[in-house]
Protein chains: 2
Amino acid sequence: MNDEQLKRWMEKRKQRKEALTKDNLMEGILAGNLTALSSAITLLESNLPQDKVTAKELVSACLPHAGNSIRVGITGVPGVGKSTFIESFGMHLLQENKKVAVLAIDPSSEKSGGSILGDKTRMQELSQQSNVFIRPSAAGDSLGGVARKTREAIFLCEAAGFEIILIETVGVGQSETVVHSMVDFFLLLMLAGAGDELQGIKRGIMEMADALVITKADGDNIKKANLARREYQNAMHLFPPNKNEWIPKALTASSLTNTNIDKVWQTILSFQNQTKINGWFKQKRQSQDKYWMNESLKELLMADFFLNSAVKDRLKAEEAAVLKGEKSSFQSADDLFEFYKQNR
Amino acid sequence: MNDEQLKRWMEKRKQRKEALTKDNLMEGILAGNLTALSSAITLLESNLPQDKVTAKELVSACLPHAGNSIRVGITGVPGVGKSTFIESFGMHLLQENKKVAVLAIDPSSEKSGGSILGDKTRMQELSQQSNVFIRPSAAGDSLGGVARKTREAIFLCEAAGFEIILIETVGVGQSETVVHSMVDFFLLLMLAGAGDELQGIKRGIMEMADALVITKADGDNIKKANLARREYQNAMHLFPPNKNEWIPKALTASSLTNTNIDKVWQTILSFQNQTKINGWFKQKRQSQDKYWMNESLKELLMADFFLNSAVKDRLKAEEAAVLKGEKSSFQSADDLFEFYKQNR
């Protein structure tokens, strides 16, 4: 690099840095600028100390402008047609003049923050529209970290004026529980099958669903889909009633023929309407706020303990004593905790 | 009280205290003395500092003699016939020349450690036999505390030579999960009904069961019970397979006519046999040891934080800021944790 090149490069770098100040980004976000929103979310995902400070200021500044959306979690096993459903559903929402953001959560993902391509090619039509913001999975090494990034990204999208936030999760592992605890409405996509459709989905997920959509209800599959819908509707009656008085719905839909996509939206709207009237909507968001504060505290407390180097050595010895039957689990915990208090 | 009475009382009190030394109790327990075992468990449940020290020493001394039993958790909704089942089942085990201990866990219970009467009158025949030890619910204000007392009581019973430990739980709340994580075999009692039997039991419990017994399979009820058994056996095939390679069994039984009580025992024996051969029996106990060590550490860490009086005040303010949308849950947690580190 010669002097001239270096000078240009330094100039560029300075401009880029300036563009990433809190105030610049904030102004962009409130104006609904997608580049600003995107850069802000990249800051959330950064591990650089300086970026963390800016991200923190940005989230605080956005919070008063956040909250005015409906947050919808969408899950289902691989192969259920999540991407095509989100594409059809998103296009429908655009026709209703809504601004739609699509976020994804996948704690097992090793994708970096930059690999937007995967999601954009998956939702080709949707990604080319205005009033749409698509962002791939937040990367992260812990579920708590991914949750934090996703939840704060929701706030930024809301501050940018997005009215519907779709949060997609892969239908395996713990991510459903995480998404469920940050959305207003939880949608489970299911395939019509012959009984063994229950195999792929983790137990407990069905109970979380506010609505269940049997996908690919088109052509030869319609009959089977309707049958599955009735079976699930019956099964859901066996569950204990929801505190929010909402009775989970079972629907069929086709992303191919665009059948019933509007019904899914109507269902979400009537849920929103009902829970806003009975106060549950706000109550749930507040309990989610408290939940994440608590979870985050737990994670910090545990990390302070388990990452303490003196504790690490002692922990191994105590664990060995417990496994050999020399000490009870509780006694070891008591002793370890006392040791930690002396050495923290 | 006159001087003479006072002297006698002091004398008695001294004798009783002496009888409760670690060495005396230990000797009694290893000899299988039920009074010593009972006094030792009372010590476990005591909150007096001196008793805690003795209990701690006692548990440590008993541990090398513990472990030689099969620990069976028994749960089911009220009305399913748990007491009568345990009575029949216990009597059967005595006929097989086994020593049987029955413990109960009920975190919601307000019973004190002394109210043995309730359980003894429930299991009238069993409680009059030798080779049987029946102990009611451990009292406690936290699930963790009750778990600790119960788990340490198991060790004491084992040291006293009891070969089968039955741990009964009330079929509501979180106690099933607690019991599941301290037993080798988990038995779920169920009533035959018309579909709505699922209503009473918490979701997820069925998946934990190593065997499911439809109770009251006698007289007019036999047909219904057999039908329910088949339904549950089918339903259990939908569950993901167990890591221990055991396929959960569904049985019918009657405590009234003593039908199939022997089959339940045979099922437990073949489970024990299979999991001892494939190594899962030991592996599960070790993971339970680790689990309780971790749970106990978490509880201690959380208590140290939440009971810190400076933190308490700050927590209220932070929670209010989060609920008003002034601060994100994660930011509040970060700030609270920093504050705690300065003030602990």
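Preceding block: the structure.
Figured I'd write up the structure that's included with this text. (Residues numbered from 1 in each chain as written. Chains lettered and ligands numbered in written order. Predicted model: local features only at pLDDT ≥ 70, side-chain atom pairs only at ≥ 80, totals over all residues. Heavy atoms only, no water.)

Structural notes on the sheet that holds strand 7 (residues 249-252) of chain B
Residues and elements named next belong to chain B.
Thought 1: Pairing in this open sheet of 7 strands is parallel, and the strands run 3-2-4-1-5-6-7 from one edge to the other. Of all the strands in the sheet, the pair left with one neighbour each is strand 3 (132-134) and strand 7. For this sheet the average axis-to-axis angle between neighbouring strands, irrespective of direction, equals 20°. (Pairing = 2+ DSSP bridges. Helix = DSSP H or I, 4+ residues; strand = E, 2+ residues; numbered from the N terminus. Axes fitted to C-alpha atoms, helices over the stretch in contact; angles between N-to-C directions.)

Regarding the nonpolar core
Residue and element names in this part refer to chain B.
Thought 1: Counting 54 residues, the largest nonpolar core has I29 and C157 as its most contacted members.
Thought 2: No other element matches the 8 residues that helix 8 (residues 143-159) contributes to this core.
Thought 3: Shared between two domains, this core holds at least three residues of each, these being domain 1 (1-65) and domain 2 (67-277).
Thought 4: The residues contacting I29, other than those within four sequence positions of it, are A36, L37, A40, L58, C62, L156, A159 and A160. (Core = buried A, V, L, I, M, F, W, Y, C linked by side-chain atoms within 4.5 Å. Buried < 20%, exposed > 50% of the residue type's maximum accessible area, 1.4 Å probe, protein only. Domains from an automatic or database assignment. Contact = heavy atoms within 4.5 Å.)

So, the interface of chain B and chain A
Thought 1: Each partner contributes residues to the interface: chain B has 53 residues there, and chain A has 53 residues.
Thought 2: Taking both partners together, chain B and chain A bury about 5000 Å²; carbon and sulfur atoms supply 66% of that area.
Thought 3: If you look at where chain B meets chain A, you find 4 salt bridges.
Thought 4: Ionic pairing is found between D334 of chain B and R148 of chain A, a salt bridge with its closest N-O pair at 3.1 Å.
Thought 5: There are 12 residue pairs in polar contact (both at pLDDT 80 or more) connecting chain B and chain A.
Thought 6: Ranked by residue count, the leading element in the side of chain B that touches chain A is helix 14 (residues 280-306) of chain B, at 15 residues. (Buried area = accessible area lost by both parts, 1.4 Å probe. Salt bridge = Lys/Arg side-chain N within 4 Å of Asp/Glu carboxyl O. Polar contact = N/O pair within 3.5 Å; in protein donor to acceptor, adjacent residues only side chain to side chain.)

Observations regarding the packing of aromatic side chains
All names here are of chain B.
Thought 1: Within this structure, the stated rule accounts for 22 aromatic pairs over all chains.
Thought 2: Ring centres of F89 and W265 lie 6.4 Å apart, and the angle between their planes is 65°; on these two criteria the pair is classed as edge-to-face. Of this pair, F89 sits in helix 5 (residues 82-95) while W265 sits in helix 13 (residues 261-277), placing them 176 residues apart in sequence. The pair F89 / W265 is uniform in exposure class, with both members buried.
Thought 3: Taking the centre distance of 5.1 Å and the plane angle of 85° together, the rings of Y291 and W292 count as edge-to-face.
Thought 4: Residue classification places Y291 among the partly exposed residues on the basis of a relative accessible area of 34%. (Phe/Tyr/Trp six-rings, centres within 6.5 Å; stacked < 30°, edge-to-face > 60°.)

Focus: unusual backbone geometry
All names here are of chain A.
Thought 1: The backbone of N131 shows a phi angle near 65°, a positive value even though the residue is not glycine.
Thought 2: Among the structural elements, N131 can be located in the loop between helix 7 (124-127) and strand 3 (132-134).
Thought 3: The exposure class assigned to N131 is partly exposed, which follows from its relative accessible area of 38%.

Things to note about the pattern of salt bridges
Thought 1: This model, assessed by the stated rule, comprises 26 salt bridges over all chains.
Thought 2: In this structure, the salt-bridge partner of E158 of chain A is R71 of chain A, at a minimum N-O distance of 2.7 Å. In this pair, E158 of chain A sits in helix 8 (residues 143-159) while R71 of chain A sits in strand 1 (residues 70-75), placing the two residues 87 residues apart along the sequence.
Thought 3: With a relative accessible area of 4%, E158 of chain A lands in the buried category.
Thought 4: Taking the relative accessible area as the measure of exposure, R71 of chain A reaches 5% and is therefore buried.
Thought 5: Residues D335 of chain B and K327 of chain B are paired through a salt bridge, measuring 2.7 Å at the closest nitrogen-oxygen approach.
Thought 6: A single network of salt bridges, built from pairs that share partners, joins R314, E318, K327 and D335 of chain A.

Overview of the layout of surface pockets
Thought 1: In this structure, the second largest pocket occupies an estimated 1500 Å³ of space.
Thought 2: Considering the residues around the second largest pocket, the lining is formed by 46 residues, among which S142, G144, G145, S296 and E299 of chain B are closest to the centre.
Thought 3: At the level of elements, helix 14 (280-306) and helix 16 (329-343) of chain A together with helix 3 (34-45), helix 4 (49-62), helix 8, helix 9 (175-180) and helix 14 of chain B are the ones that each hand at least two residues to the lining of the second largest pocket.
Thought 4: Ranked by the residues each element gives to the lining of the second largest pocket, the list is headed by helix 14 of chain B, at 9 residues.
Thought 5: Of the residues in the lining of the second largest pocket, the class split is 14 nonpolar, 14 polar and 18 charged. (1 Å grid on protein atoms, 1.4 Å probe; cavity = no way out; pocket = protein on both sides within 12 Å on 5 of 7 lines; lining within 4 Å. Points joined across faces, edges and corners; volume = space filled by probe spheres on them. Nonpolar A, V, L, I, M, F, W, Y, C, P; charged D, E, K, R; others polar.)

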